[in-house]
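Chain residues, written in single-letter form:
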Amino acid sequence: MLEVTDLTKHYGSLVAVDDLSFRLERGDFATLLGPSGCGKSTTLHIIAGLLEPTDGQVRLRDEDVTTLPPNERNIGLVFQHSALFPHMTVEENLRFGLRLQEFDGDHDDQIDRFLNLVQMAEYGDHKPTELSGGQQRRISLARALAYEPDILLLDEPLTGLDRVLREDMRNEIRKIQEEVGVTTLHVTHDQTEALSMSDRIIVLDEGEKQQEGGPTELYEKP
Ligand code: ADP
Ligand code: ADP
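Here is what the cut-offs are and how they apply
- Residues numbered from 1 in each chain as written.
- Chains lettered and ligands numbered in written order.
- Predicted model: local features only at pLDDT ≥ 70, side-chain atom pairs only at ≥ 80, totals over all residues.
- Heavy atoms only, no water.
- 1 Å grid on protein atoms, 1.4 Å probe; cavity = no way out; pocket = protein on both sides within 12 Å on 5 of 7 lines; lining within 4 Å.
- Points joined across faces, edges and corners; volume = space filled by probe spheres on them.
- Helix = DSSP H or I, 4+ residues; strand = E, 2+ residues; numbered from the N terminus.
- Nonpolar A, V, L, I, M, F, W, Y, C, P; charged D, E, K, R; others polar.
- Pairing = 2+ DSSP bridges.
- Axes fitted to C-alpha atoms, helices over the stretch in contact; angles between N-to-C directions.
- Contact = heavy atoms within 4.5 Å.
- Near = heavy atom within 4 Å.
- Polar contact = N/O pair within 3.5 Å; in protein donor to acceptor, adjacent residues only side chain to side chain.
- Areas by Shrake-Rupley, 256 points an atom, 1.4 Å probe, with all protein chains shown as cover.

Caption draft 1: Highlighting empty space enclosed by the protein. A complete count under the given rule lists 1 cavity of 30 Å³ or more for this structure. Considering only enclosed or pocket space, the largest cavity measures out at about 40 Å³ in volume. Taken together, Val-78, Arg-137, Leu-141, Leu-154, Pro-157, Met-169 and Ile-173 form the lining of the largest cavity. Only helix H4 (133-146) and helix H5 (163-180) provide two or more residues apiece to the lining of the largest cavity. In terms of residue class, the lining of the largest cavity is made up of 6 nonpolar, no polar and 1 charged.

Caption draft 2: Spatial organisation of the layout of surface pockets. Put simply, the largest pocket is a space of about 360 Å³. If you trace the largest pocket, you find 18 residues lining it, with Leu-77, Leu-100, Gln-101, Arg-143 and Tyr-147 closest to the centre. Among the elements of the structure, strand E6 (75-78), helix H2 (90-100) and H4 are those that each provide at least two residues to the lining of the largest pocket. The dominant element in the lining of the largest pocket, judged by the number of residues it contributes, is H2, at 3 residues. Split by residue class, the lining of the largest pocket holds 12 nonpolar, 4 polar and 2 charged.

Caption draft 3: Structural context of the sheet that holds strand E7 (residues 151-155). Pairing is mixed across the open sheet formed by 6 strands, whose spatial order is E6-E7-E8-E3-E9-E10. Strand pairing shows two members of the sheet lacking a second neighbour, E6 and strand E10 (208-213), which therefore form its edges. On average, adjacent strands in this sheet sit at an angle of 20° to one another, irrespective of strand direction. Where strand E9 (residues 200-205) meets E10, 5 bridges bridge the pair, whose relative direction is antiparallel. Residue Leu-204 lies in a different strand from E10, and its bridge partner there is Lys-209. With respect to the sheet, helix H1 (residues 40-48) is in contact with strand E3 (29-33), E6, E7, strand E8 (183-188) and E9, its orientation differing from that of E7 by roughly 150°.

Caption draft 4: Structural detail: the site of ligand 1. Tyr-11, Leu-14, Ala-16, Pro-35, Ser-36, Gly-37, Cys-38, Gly-39, Lys-40, Ser-41 and Thr-42 make up every residue found near ligand 1. Taking Gly-37, its main chain carries an N or O atom lying 2.7 Å from an oxygen atom of ligand 1. Burial of ligand 1 by the protein amounts to 58% of the accessible area it has alone, namely 560 Å². Elements supplying a minimum of two residues to the shell around ligand 1: strand E2 (14-24) and H1. Sort the elements by how many residues they give to the shell around ligand 1 and H1 lands first, with 3 residues.

See the structure below:
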């Protein structure tokens, strides 16, 4: 579904991502785990088409998308900095995403379906500022899923939420992901989060892959 090959990104003399390769099969929930500055965001931004790699390739559904602009890749984004549009209602936020991605199909139906999925059906007319932090995350997720992306990219999606809510949201995100069946690449520096959410973890340090495997494989070795 997603194949990243020999990906490299230089910022001047700094090597932010160093010859990174990995692949995700359909329906996988994988996490890039590593400390701040290890190249997680850079990798996601390159996959999303928001940043050009210095070298390497990104293939999505067997198509080389390395040089395609973001709107020609069918990718769902939930980024720390990709907030909801504050002047639009919840429903308008979802509708905007569907239009932007030129979703083929009934937009009203999709909005209903995905607001229901994140248990926010009652909130279509609300403005984002009227919602709690957790509710805003759910709407961001619904907006990213509504146009049925080939892959969902989650960049530290739980940052800024309190501990209890973070634990609830981990389970909730995973439940929704499984229900929709969307292939997901998640990024975090939080080991607990990575372990509790992922089918597979790719450990990064200084732009290089250190290890890759299932949560038990990686952390329960003698
Ligand atoms: P992470 O998401 O793991 O925190 P980043 O991908 O944001 O890591 O950053 C990887 C490295 O690249 C860091 O050393 C960071 O300071 C550097 N970096 C990120 N973006 C830029 C940029 N636009 N210009 C220069 N250096 C950058
Ligand atoms: P994130 O990890 O979510 O990208 P950051 O605060 O690390 O958040 O980065 C915010 C923005 O600043 C990003 O667009 C990133 O590319 C850029 N950035 C990060 N590190 C540097 C750096 N050393 N020099 C220039 N820009 C940077």
